[in-house]
Amino acid sequence: MFRKVLVANRGEIAVRVMRACEELNVGTVAIYSDADKNAGHVRYADEAYNVGPARAADSYLDHEAVIEAARKADADAIHPGYGFLAENAEFASKVEDAEGITWIGPSAEAMESLGEKTKARKIMDEADVPIVPGTTDPVTEPEEVKEFGEEYGYPIAIKAEGGGGGRGMKVVRSEAEVEDQLESAKREGEAYFDNDSVYLERYLENPRHIEVQIVADEHGNVRHLGERDCSLQRRHQKVIEEGPSAALTDDLREQIGEAARRGVAAADYTNAGTVEFLVEEEPGRDGPLGPDANFYFLEVNTRIQVEHTVTEEITGYDIVKRQIRIAAGEEIDFEQDDVGFDGHAIEFRINAENAAEEFAPATGGQLETYDPPGGIGVRLDDALRQGDELVTDYDSMIAKLIVWGEDRDECIERSLRALREYDIEGIPTIIPFHRLMLTDEEFVESTHTTKYLDEEMDQSR
Ligand SMILES: Nc1ncc2cc(-c3cccc4ccccc34)c(N3CC[C@@H](N)C3)nc2n1
Ligand SMILES: [Ca+2]
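Residues numbered from 1 in each chain as written. Chains lettered and ligands numbered in written order. Predicted model: local features only at pLDDT ≥ 70, side-chain atom pairs only at ≥ 80, totals over all residues. Heavy atoms only, no water.

### A look at the coordination of the calcium ion (ligand 2)
Geometry sets the ideal angles at a metal, namely 109.5 degrees for four tetrahedral donors and 90 or 180 degrees for six octahedral donors. Taken together, the protein donors to the calcium ion (ligand 2) comprise Val95 (O), Glu96 (O), Ala98 (O) and Ile101 (O), at separations of 2.2 to 2.7 Å. Written as a sequence motif, the donor residues of the calcium ion (ligand 2) are V-E-x1-A-x2-I. The buried category is assigned to Ala98, whose relative accessible area is 12%. (Donors = N, O, S within 2.8 Å, 3.2 Å for Na, K, Ca; no water. Buried < 20%, exposed > 50% of the residue type's maximum accessible area, 1.4 Å probe, protein only.)

Below, the structure is given as structure tokens:
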């Protein structure tokens, strides 16, 4: 086991990783930019090193500054958290090459092969994981798209090879649109991901977005820890995640979990990761997905995710501690059959944004009141205390409220109670939006798909 881990991140996830270290009796090292001098994650750490000015590129993203801090602290491992350098294969390989410092995450090689969407699709296809019908090689000419349209029909999704998250997808609804959409997909790929390579998939109109949590050690053991339903998104920004998915039958759950395990094993992937799927109802059915629903591989996230907490609450496993133990060479000490799912959990992202103004991020302010909720089934992951200045140089998420209940109804009731207790004064947050969402019957009936929020919010504008 490591003696000391440097956490190359900030905010709630930095504290989350340091809490795991504390429980493993591992020393904690924080890094901070000039903007984060008084930040909560710095307070929490045993020691802290400044890595540069506020601008992320000159601090949290500066490979040399981070490795230099690990050297100064004599840390023997680096945990990247999520965002920042978490999926940066180049940085992972620099850490792998750095003598005496272990990278806590998948190998740079596994990150690269699964980060390239067509390569990932090929690996999954060969591992008998259903992929969205489409190409596993890039396309360059309009004729290729039109041929695909002849065979699979429209709409077609044209996706950037280097894309992911909310960016890098164009929907072509007819042959007439092919030239323009292909051109703009390539230009956008070039602009955002420095990669103009694109591929095709049949576009699924109203899919559910299900993701499966994976942990894999360096001895060939791969386990899935069940699924999370992230279908409630606003312009590709997740605001609420939950598990288990009310839409899946046990049979479908088992099929998707085993597919995720096969795919990850085929990619020689280790540590924690998430396999994303799109699940499409068989035509004409409503309500929970039927036994004939189809699920398709979408992409792999080669990092710990914001919403890993939902899985922890349902299964009881500490995924971050598992990451650290796996990186230290430990074997996974449970079988797939030992993994149980108990109750229901929902995570609410607490963003310092004004939901009434298109979720515009707060421009500053101070936490005059910070009174978080508590009591049974309520977990709060944050790095805040009353009086903190709001740091606006990075993303707007300042905390996560995770609620567990015996079933989804109790979880919703308890979430409303916790959101009523959550008292933050001095900066705007989306807590009022969450309270509203919990009373919305589409959410309560859990029939929403990935488009629901965009359609709802755009209509109400
Ligand atoms: N063939 C096909 N059909 C429907 C899709 C619908 C989406 C999509 C669209 C809008 C919101 C989403 C939220 C979660 C997951 C996927 C989506 C989608 N995404 C959005 C960005 C990228 N992560 C993949 N790919 C799709 N691919
Ligand atoms: Ca190393």
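### Here we look at the sheet that holds strand β5 (residues 102-103)
An order of β3-β2-β1-β4-β5 is seen for the five strands of this open sheet, with the pairing classed as parallel. The two strands at the open ends of the sheet, each matched to only one other strand, are β3 (47-52) and β5. Bridge analysis of strand β1 (residues 4-7) against strand β4 (residues 77-79) gives three bridges, and the strand direction is parallel. In the strand pairing of β4, Val7 is matched with His79. Running over the sheet, helix α3 (residues 63-73) touches β1, β2 (27-33), β3 and β4 and is turned about 150° from β3. (Pairing = 2+ DSSP bridges. Helix = DSSP H or I, 4+ residues; strand = E, 2+ residues; numbered from the N terminus. Contact = heavy atoms within 4.5 Å. Axes fitted to C-alpha atoms, helices over the stretch in contact; angles between N-to-C directions.)

### Comments concerning the packing of helix α4 (residues 89-97) against helix α5 (residues 108-115)
The axes of two packed helices give the description: the angle between them and the distance between them. Relative to each other, α4 and α5 sit at 165°, their axes nearing to 8 Å. One way to sum up the angle between α4 and α5 is to call them roughly antiparallel. Here the hand of the crossing between α4 and α5 comes out left-handed. Contacts between α4 and α5 involve Ala89, Ala92, Ser93 and Glu96 on the former and, on the latter, Ala108, Met111 and Glu112. When the residues that make up the contact of α4 with α5 are grouped by side-chain class, the tally is four nonpolar, one polar and two charged. (Parallel < 35°, antiparallel > 145°, perpendicular 65-115°, else oblique. Left-handed = near helix turned anticlockwise from the far one by under 90°. Nonpolar A, V, L, I, M, F, W, Y, C, P; charged D, E, K, R; others polar.)

### Structural notes on the packing of α3 against α4
Running from N to C, α3 and α4 cross one another at 30°; their axes reach a closest spacing of 11 Å. When the axes of α3 and α4 are compared, the pair comes out roughly parallel. Crossing of α3 over α4 shows right-handed handedness. Counted together, His63, Glu64, Val66 and Ile67 of α3 and Glu90, Phe91, Lys94 and Val95 of α4 form the full contact between these two elements. Taken together, the residues that form the contact of α3 with α4 break down as four nonpolar, one polar and three charged.

### Here we look at α3
Of the residues making up α3, those classed as buried are His63, Ala65, Val66, Ile67, Ala69, Ala70 and Ala73. Those residues of α3 hidden inside the fold are in contact with β1, β2, β3, β4 and α4. If you check the start of α3, you find a side-chain oxygen 3.1 Å away from the backbone N of Glu64, and it comes from Asp62. Directly after α3, the chain includes Asp74, whose backbone phi takes a positive value near 60°. (Polar contact = N/O pair within 3.5 Å; in protein donor to acceptor, adjacent residues only side chain to side chain.)

### Some points on empty space enclosed by the protein
Considering all chains together, one arrives at three cavities of 30 Å³ or more under this definition. Of the pockets and cavities examined, the largest cavity occupies roughly 60 Å³. Lining of the largest cavity is provided by Leu225, Gly226, Glu227, Pro244, Arg253, Thr311, Ile314, Thr315 and Phe341. Within the residue set of the lining of the largest cavity, elements represented by two or more residues are β10 (222-229) and α10 (308-315). A class-by-class count of the residues in the lining of the largest cavity yields four nonpolar, three polar and two charged. Of the volumes computed, that of the second largest cavity is approximately 40 Å³. Lining the second largest cavity, in full, are His79, Pro80, Gly81, Ala86, Trp103, Ile104, Gly105, Pro106, Thr302, Arg303, Ile304 and Gln323. Each residue belonging to the lining of the second largest cavity can be placed in one class, and the counts come to six nonpolar, five polar and one charged. (1 Å grid on protein atoms, 1.4 Å probe; cavity = no way out; pocket = protein on both sides within 12 Å on 5 of 7 lines; lining within 4 Å. Points joined across faces, edges and corners; volume = space filled by probe spheres on them.)

### Here we look at helix α9 (residues 250-266)
An ideal rise of 1.5 Å per residue puts 24 Å on 17 residues; α9 measures up with 24 Å between its terminal C-alpha atoms. Among the residues of α9, those classed as buried are Leu252, Arg253, Ile256, Gly257, Ala259, Ala260, Arg261, Gly263 and Val264. Packing partners of the buried residues in α9 comprise α6 (117-126), β9 (208-216), β10, β14 (271-280) and β15 (294-301). Positive backbone phi, at 50°, marks Asp268, one or two positions downstream of α9. (Expected span 1.5 Å × (residues − 1).)

### Some details on the pairing of β15
Across the eight residues of β15, seven count as buried, placing the element largely inside the fold. One ladder, built from seven bridges, connects β14 with β15; its direction is antiparallel. Each bridged residue has a counterpart across the sheet, and for Leu278 the counterpart in β15 is Tyr296.

### Describing unusual backbone geometry
Note that the residue after Tyr154, namely Pro155, is joined by a cis bond; omega there is -5°. In this structure, Pro155 sits in the loop between α7 (142-152) and β6 (156-164). For the peptide bond that leads from Gly243 to Pro244, omega is -10°, which places it in the cis range. Mapping Pro244 onto the fold places it in the loop between β13 (240-243) and α9. Residue Asn25 is not a glycine yet carries a positive backbone phi of 55°. Relative to the assigned elements, Asn25 resides in the loop between α1 (11-23) and β2. The exposure class of Asn25 is exposed, given its relative accessible area of 70%. Residue Asp268 is not a glycine yet carries a positive backbone phi of 50°. Tracing the sequence through the fold places Asp268 in the loop between α9 and β14.

### A word on the environment of Ala45
Here Ala45 lies in the loop between α2 (40-44) and β3. It is 9.2 Å that separates the C-alpha atoms of Ala45 and Ile31, two residues lying 14 residues apart in sequence. Ignoring any residue separated from it by four or fewer positions in sequence, one finds Ala45 in contact with Met18, Thr28, Val29 and Ala30.

### Points about the packing of aromatic side chains
If you walk through the whole model with that rule in mind, you get 10 aromatic pairs. Seen from their ring centres, Phe84 and Tyr394 are 6.2 Å apart, and the 75° between their planes marks the pair as edge-to-face. Of this pair, Phe84 sits in the loop between β4 and α4 while Tyr394 sits in the loop between β20 (378-382) and β21 (397-405), and the two are 310 residues apart along the sequence. The class for Phe84 is partly exposed, based on a relative accessible area of 26%. (Phe/Tyr/Trp six-rings, centres within 6.5 Å; stacked < 30°, edge-to-face > 60°.)

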